[in-house]
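# Chains, contacts and geometry: an overview
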Amino acid sequence: MPQPLRPDDDRPSPLTQAVVDALPDEVAVLDASGRVLLTNIAWEERIVHGADRSGAWVACGIDDDYLVRLAISPEPDAEAARAGVAAVLEGSLRSFGLDYVAEVDGDRRRFHLDVRALPGGVPGILVEHRDVTASARVEEQLVASATTDGLTGLPNRGLLLDRVRGALARSMRTSHVVAALSIDIDAFTSVNDTLGRDAGDQVLMSVARRLTRACRAGDTVARLGADEFVVLVEDVDAIDSVHGVARRILESMAAPIVIGGSELWFSVSIGVAIAGSQTPATPAGAEGLVADADIALYRAKERGRNRYVLFEPSMRAHEEQRLAVSSGLRQALRDRRLQLAYQPVFACADDHVLGVEALVRWDRPGHGLVPPSGFLDVAEDTGLIVEIGAWVLDEACRQAREWQRVAPSDFVVGINLSARQLSDPGLPGLVRQSLQRYGVDPFRIALEVNERALVDDPERARRTLHEILGFGVQVAVDQFGTGYSSLAYLQRFPVGAIKIDRRFVALLPDDRTSSALVRGIVGMADALGIITVAEGVETEAQRTAVERLGCHAYQGYLKARPGHPDTITTLLTTGA
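This structure is a prediction, so every number in the text was calculated from the model and none was measured.

Let us look at the overall build of the protein chain. If you tally the helices and strands in the protein chain, you get 21 helices and 23 strands. Residues classed as buried in the protein chain amount to 47% of the 576 residues present. Entry remark: accessible area of the protein chain is about 27,200 Å², with carbon and sulfur atoms responsible for 51%.

This paragraph deals with helix α12 (residues 384-403). For α12, with 20 residues, the first-to-last C-alpha span of 29 Å sits near the 28 Å given by 1.5 Å per residue. For α12, the set of buried residues is Leu384, Ile385, Ile388, Gly389, Val392, Leu393, Asp394, Ala396, Cys397, Gln399, Ala400 and Trp403.

A few words on the sheet that holds strand β1 (residues 26-30). Strand order in the open sheet formed by 5 strands is β2-β1-β7-β6-β5, with antiparallel pairing between adjacent strands. Across the chains shown, the open sheet's two edge strands, defined by having one partner strand only, are β2 (36-39) and β5 (95-104). Sheet twist, expressed as the average angle between the axes of neighbouring strands with direction ignored, equals 20°. Both β1 and β2 contribute to a ladder of 3 bridges, which runs antiparallel. Looking at β2, one finds that Ala28 is bridged to Thr39. With respect to the sheet, helix α1 (residues 14-21) is in contact with β1 and β2, its orientation differing from that of β2 by roughly 60°.

Glancing now at the pattern of salt bridges. Tallied over the full model, the rule gives 28 salt bridges. Its salt-bridge partner being Glu319, residue Arg322 comes within 3.5 Å of it at the nearest N-O pair. In this pair, Arg322 and Glu319 are both assigned in helix α10 (residues 314-335), 3 residues apart and thus about one turn of the helix distant. Overall, Arg322 belongs to the buried group, its relative accessible area being 10%. Asp441 is the salt-bridge partner of Arg444, the closest N and O atoms lying 4.0 Å from each other. For Asp441, a relative accessible area of 30% translates into the label partly exposed.

The element strand β19 (residues 445-450) is extensively covered by neighbouring structure, given that 5 of its 6 residues are classed as buried. Sheet topology note: the strand β18 (residues 412-417)/β19 ladder contains 5 bridges and is parallel. Opposite Leu417, over in β19, you have Val449 as the bridge partner.

Spatially, 5 strands are ordered β9-β10-β8-β13-β14 in an open sheet, and the strand pairing comes out mixed. Sheet topology places β9 (220-225) and β14 (308-310) at the edges, where each strand pairs with a single neighbour. On average, each strand axis in the sheet is inclined to that of its neighbour by 20°, with strand direction left out of account. Of the strand pairs in this sheet, strand β13 (residues 268-275) and β14 are connected by 3 bridges, and their pairing is parallel. In the sheet register, Ile270 faces β14, and the bridge partner there is Tyr308.

With 4 bridges connecting them, strand β21 (residues 497-500) and strand β22 (residues 531-534) associate as parallel partners. The residue bridging Ala497 from the neighbouring strand is Ile531, located in β22. Where β22 meets strand β23 (residues 553-554), 2 bridges bridge the pair, whose relative direction is parallel. Along β23, the bridge assignment pairs Ala534 with Tyr554. Handedness of the β-α-β unit built from β22, helix α20 (residues 540-548) and β23 comes out right-handed.

Moving on to the packing of aromatic side chains. Throughout the structure, instances matching the rule amount to 5 aromatic pairs. On the numbers, 5.8 Å between centres and 85° between planes, the contact of Trp362 with Phe375 is edge-to-face. You can see Trp362 sitting in strand β16 (residues 353-364) and its partner Phe375 sitting in the loop between β17 (368-370) and α11 (376-382), a full 13 residues away along the chain. You can call Trp362 buried: its relative accessible area is 2%. Three or more aromatic residues joined by ring pairs make a cluster, and in this case those are Tyr342, Trp403 and Phe411. Directly above the aromatic system of Phe346 lies the positively charged group of Lys559, at a separation of 5.6 Å from the ring centroid.

Each value, and the rule that gives it
- Residues numbered from 1 in each chain as written.
- Predicted model: local features only at pLDDT ≥ 70, side-chain atom pairs only at ≥ 80, totals over all residues.
- Heavy atoms only, no water.
- Helix = DSSP H or I, 4+ residues; strand = E, 2+ residues; numbered from the N terminus.
- Buried < 20%, exposed > 50% of the residue type's maximum accessible area, 1.4 Å probe, protein only.
- Areas by Shrake-Rupley, 256 points an atom, 1.4 Å probe, with all protein chains shown as cover.
- Expected span 1.5 Å × (residues − 1).
- Pairing = 2+ DSSP bridges.
- Axes fitted to C-alpha atoms, helices over the stretch in contact; angles between N-to-C directions.
- Contact = heavy atoms within 4.5 Å.
- Salt bridge = Lys/Arg side-chain N within 4 Å of Asp/Glu carboxyl O.
- Right-handed = clockwise from strand over helix to strand, strands pointing away.
- Phe/Tyr/Trp six-rings, centres within 6.5 Å; stacked < 30°, edge-to-face > 60°.
- Lys NZ or Arg CZ within 6 Å of the ring centre and 35° of its normal.

And the structure:
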């Protein structure tokens, strides 16, 4: 193979050669005729002496007497290199660059060829050649990390939205529809809390695989964060096809996920938003389509989870109201516009006051006092319930201390806890802090949790309630009988009282089924030494019925509506 020539009259100085040899890239200098004036050690070792290990070769010089060759494949890249080098030598181009891939010793590697005219008007060219495999791989990793989820390898939000934009643009030229399916794993937070984050990550990866298998080859499955996934369905000519994808996703979760030898069962909730000529209202862009799917997802969760719900335009107005409530609640917390009303609980035997239930109210500008039903669902979804609950706990403990001076020894203040509060690891500390701050006797405080809060994460709920019980407070189950009641739950949790849901009480005394259910709940509770309280007693007939069925206490509008603390103080001191 021809070697680079260095004629005696053009031999570089020792200093010049030493400087060029220190460069890590392969470097060659050619004069205007293509004669090689200078090469460095890297060029000699990797280009000249490595020639027999590489593929196609490109002449860097025009004159065949002074050839220097480069290993370039495939052939189109080699031809491009020849033309580029010749163009710079002839002066039609000032510079030329080429990125290409070649196989060296069985390894596919990336290279960059750079050819430039010598500066200062000096005739000739500078040829630089370098292996850019490592930097190219780093760049690929950076691109991947910017567009994909690090845990599952699925597209992230940015890449998803980019694909949604493309799908919407293509759908404008066809009659096809585009759909976004927003997917959330039901009760996923309990996994991280009980089994640890590693187990949670395994669940997420398993769900990602199931979603991918349930979808068509051309669909995009993306993870937006936490347990939030989105599936992009495009190029379908009927909405029924989208329904089919949603059903397959639900079916894909039917089998348990095995983590550490244990079988874990999960379901998902899905919100579906569709854009195209077959839909009455197409959202504004990619972000709008995904946002509509999120709105439908919230509705699916409200309707009981493990289902999919199709977005309807009317849902937007509902979501706007939710956003207004969320924003207003944040402002209410800052402006101290929350207050507590207290509803008395009476003994069935003699109607003396056994305690009260603290009920939060929001003094919302332009709306008056808003009851819990008007904002607690939003507070739970947004996480504001934790901050609201902390305020309720503190304020109720402060008021309980005030009543200790006038209340009988068995008087108890009931404070409601939501599912999100019960899963908050800081809850026991907050309870202890409020008890100590106001010096209230712990046995005068009863924390009330509904059955759903116990079911979402029973193991964490059991640990938390046992820890709180150690402070001396009481625990009650609110809205008992709404679908999850069982003797096993009452045995498992440290429950001192249960409050029978108002839906059973409302049908008394005439409905035989309700009477039988209440009688059964009371009998079960008596066997376990648990006090029973009937909620929602509004008529004298209902009051007589719950007493006859064995309830220990009742509360409701018959005897007293929720009132100001001063009203309760008067009731305690005067009995009226």
